[in-house]
Amino acid sequence: MNTPHTNPSKLESVKQQLLSGRTITPWDAISEARYTRLPDAVYRLKALGWDIQTDYRTTVDPETGHKDRYAAYYLPADRLKEHQAAFSY
C-alpha cells in the first residue's frame, strides 16, 4: 500500500531535485511535486545512504519583525558527483 509519505514517484521527484544540485525546501517540494512530507523523504534517503545535509534558514517579516525558520536540504558538492554517478539513469 502506498501512503502519501511512501509514494515512490514523490520520493523520486525529491531524488531528482537533489541530484540536480539544487537545495530543496519544503516550499519547493510542495510547489513542484505536491509533496508535503519532505522531512520524511529526507529521512528515507538518509537511511538508504544518501549524505543529505541540512541548512536552516530564517525569514523575517519586515513589518512585524516576526521570524520564521525552515530547513533546506542539499547534497554536498563532493558527494553530489558520487550520487549522480551511482543513480544515473
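Just above, that's the structure.
Rules used in this analysis
- One numbering rule holds for all chains: residues counted from 1, following each sequence as written.
- Local features in a predicted model are, by the rule used here, given only for residues with pLDDT of at least 70; side-chain atom pairs are given and counted only at 80 or more, and totals for whole chains, interfaces and linings are based on all residues.
- Heavy atoms throughout the structure, all of them, feed into the side-chain values; hydrogens and water do not.
- For two strands to count as paired, DSSP must find a minimum of two bridges between them.
- Secondary structure elements follow DSSP: runs of H or I no shorter than four residues count as helices, runs of E no shorter than two count as strands, and numbering proceeds from the N terminus.
- Buried Ala, Val, Leu, Ile, Met, Phe, Trp, Tyr and Cys residues that are joined via side-chain atoms within 4.5 Å together make up what is termed a nonpolar core.
- Burial status follows relative accessibility: with a 1.4 Å probe on protein chains alone, a residue under 20% of its type maximum counts as buried, one over 50% as exposed, and anything between as partly exposed.
- Contact criterion: two residues are considered in contact whenever any of their non-hydrogen atoms come within 4.5 Å of each other.
- Just to be clear on terms, a salt bridge is a Lys or Arg side-chain nitrogen sitting within 4 Å of an Asp or Glu carboxyl oxygen.

Novice: If you had to explain the pairing of strand β2 (residues 67-74) to someone new, which residues and values would you point to?
Specialist: The pairing of strand β1 (residues 53-60) with β2 spans 8 bridges and is classified as antiparallel. Each bridged residue has a counterpart across the sheet, and for Thr-59 the counterpart in β2 is Asp-68. Hairpin connection from β1 to β2: 6 residues lie between these consecutive antiparallel strands, with Gly-65 at a positive phi of about 80°.

Novice: I'd like a description of the nonpolar core, backed by residues and values.
Specialist: Counting residues in each nonpolar core, the largest one holds 18 residues, and the members touching the most others are Val-14, Leu-18 and Ile-52. Going through the elements one at a time, α1 (8-19), α2 (26-33), α3 (38-47) and β2 are the ones with two or more residues in this core. Among all residues touching Ile-52, those that are not within four sequence positions of it are Leu-18, Val-42, Leu-45, Lys-46, Tyr-73, Tyr-74 and Leu-75.

Novice: Lay out the pattern of salt bridges in plain terms, naming residues and giving numbers.
Specialist: Taken as a whole and judged by the stated rule, the model has 7 salt bridges. Across the pair Lys-15 and Glu-12 runs a salt bridge whose closest N-O atoms are separated by 3.8 Å. With a gap of 3 residues between them, Lys-15 and Glu-12 both fall in helix α1, about one helical turn apart. Under the relative-accessibility criterion, Glu-12 is labelled partly exposed at 26%. One salt-bridge network, held together by shared partners, links Arg-22, Asp-28 and Glu-32.

Novice: Summarise α3; cite the residues concerned and give the values.
Specialist: Those residues of α3 not exposed but buried are Leu-38, Asp-40, Ala-41, Val-42 and Leu-45. Elements that come into contact with the buried residues of α3 comprise α1, α2 and β2.

By themselves, these are just geometric observations and shouldn't be taken as functional.
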